[in-house]
Amino acid sequence: MTQPYYETMYILRPDIPEEEVESHITKYRDLVIEAGGEVLDCQMRGKRRLAYSIDKHREGIYVQLNHNGDGQQVAPLERAMRLSEDVIRYLTVKQDGPMPAPRAVGGGAGDAAPQPATV
């Protein structure tokens, strides 16, 4: 049986500089560790167009944070995101099952492996 883990996806404002994005990623990783959790994976998914405008923003910088713990690390993490003016949305989901393998950002059609032909 696999151990459950938490997946937090958050969206940062698109107009913040790259250094500030990195500082946010580091800040939230450290918050999870300070609260007794373990960071499994952190991926910056890049700037993407939003389905609808949020606070007059049409794009956002997506970041996915996978972490382990007893659940006590979720409340301080979400509180910090709620108080930050740079985070426009966030969502934490408890996942059951194996953690997916990290994917490359911006995968194109050429990334798929060719399938063998059936006769």
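Residues numbered from 1 in each chain as written. Predicted model: local features only at pLDDT ≥ 70, side-chain atom pairs only at ≥ 80, totals over all residues. Heavy atoms only, no water.

Visitor: Just to check I follow, could you spell out the overall build of the protein chain for this structure?
Guide: Along the protein chain, the regular secondary structure elements total 2 helices and 4 strands. Put simply, the protein chain runs from its N terminus to its C terminus through helices and strands in the order β-α-β-β-α-β. Here the protein chain holds 119 residues, and the buried ones make up 38% of them. In the protein chain, the proportion of contacts linking residues at least 24 apart, taken out of those at least 6 apart, comes to 71%. Element-wise, carbon and sulfur atoms account for 51% of the exposed surface of the protein chain, whose accessible area totals about 7800 Å². (Helix = DSSP H or I, 4+ residues; strand = E, 2+ residues; numbered from the N terminus. Buried < 20%, exposed > 50% of the residue type's maximum accessible area, 1.4 Å probe, protein only. Contact = heavy atoms within 4.5 Å. Areas by Shrake-Rupley, 256 points an atom, 1.4 Å probe, with all protein chains shown as cover.)

Visitor: Help me understand the sheet that holds strand β2 (residues 38-54) in this model?
Guide: Strand pairing in a sheet is mediated by backbone hydrogen bonds. Such pairs are either parallel or antiparallel. In space, the 4 strands of this open sheet follow the order β2-β3-β1-β4, with antiparallel pairing throughout. Taken across any chain shown, the strands that pair with only one partner, and hence form the sheet edges, are β2 and β4 (87-95). Neighbour-to-neighbour, the strand axes of the sheet open up by a mean angle of 20 degrees, direction not taken into account. As judged from the 7 bridges shared by strand β1 (residues 5-12) and strand β3 (residues 57-68), these two strands associate in the antiparallel manner. Each bridged residue has a counterpart across the sheet, and for Met9 the counterpart in β3 is Gln64. Strand contacts of helix α2 (residues 74-83): β1, β3 and β4, with the helix running at about 165 degrees to β4, the strand carrying the most contacts. (Pairing = 2+ DSSP bridges. Axes fitted to C-alpha atoms, helices over the stretch in contact; angles between N-to-C directions.)

Visitor: Help me understand the confidence of the model for the protein chain, please; the structure alone is not making it clear to me.
Guide: Keep in mind that low pLDDT regions are not for reading the predicted coordinates in detail. The predicted model of the protein chain has a mean per-residue pLDDT of 85, with 82% of residues at 70 or higher. Segment residues 105-115: pLDDT under 50, and 2 contacts once partners within four positions in sequence are set aside and those in other chains are kept. (pLDDT = per-residue confidence, 0-100.)

Visitor: Sorry, what's going on with the environment of Leu91 here?
Guide: Relative to the elements of secondary structure, Leu91 occurs in strand β4. Measuring from C-alpha to C-alpha, the distance between Leu91 and Glu78 comes to 8.2 Å, with 13 residues separating the pair along the chain. Among residues more than four places away in sequence, those in contact with Leu91 are Glu7, Thr8 and Met9.

Visitor: Looking at this model, I keep getting lost on α2. Mind explaining?
Guide: One turn of an α-helix holds 3.6 residues; hence residues three or four places apart share an orientation. Buried within α2 we find Val74, Leu77, Ala80 and Met81. In an axial view of α2, the angular spread of the buried residues amounts to 135 degrees, which keeps them on one side of the axis. Pointing more than 90 degrees away from the buried face of α2 are the exposed residues Ala75, Arg79, Arg82 and Leu83. The inward-facing, buried residues of α2 contact β1, α1 (18-34), β3 and β4. (Arc of directions from axis to C-beta.)

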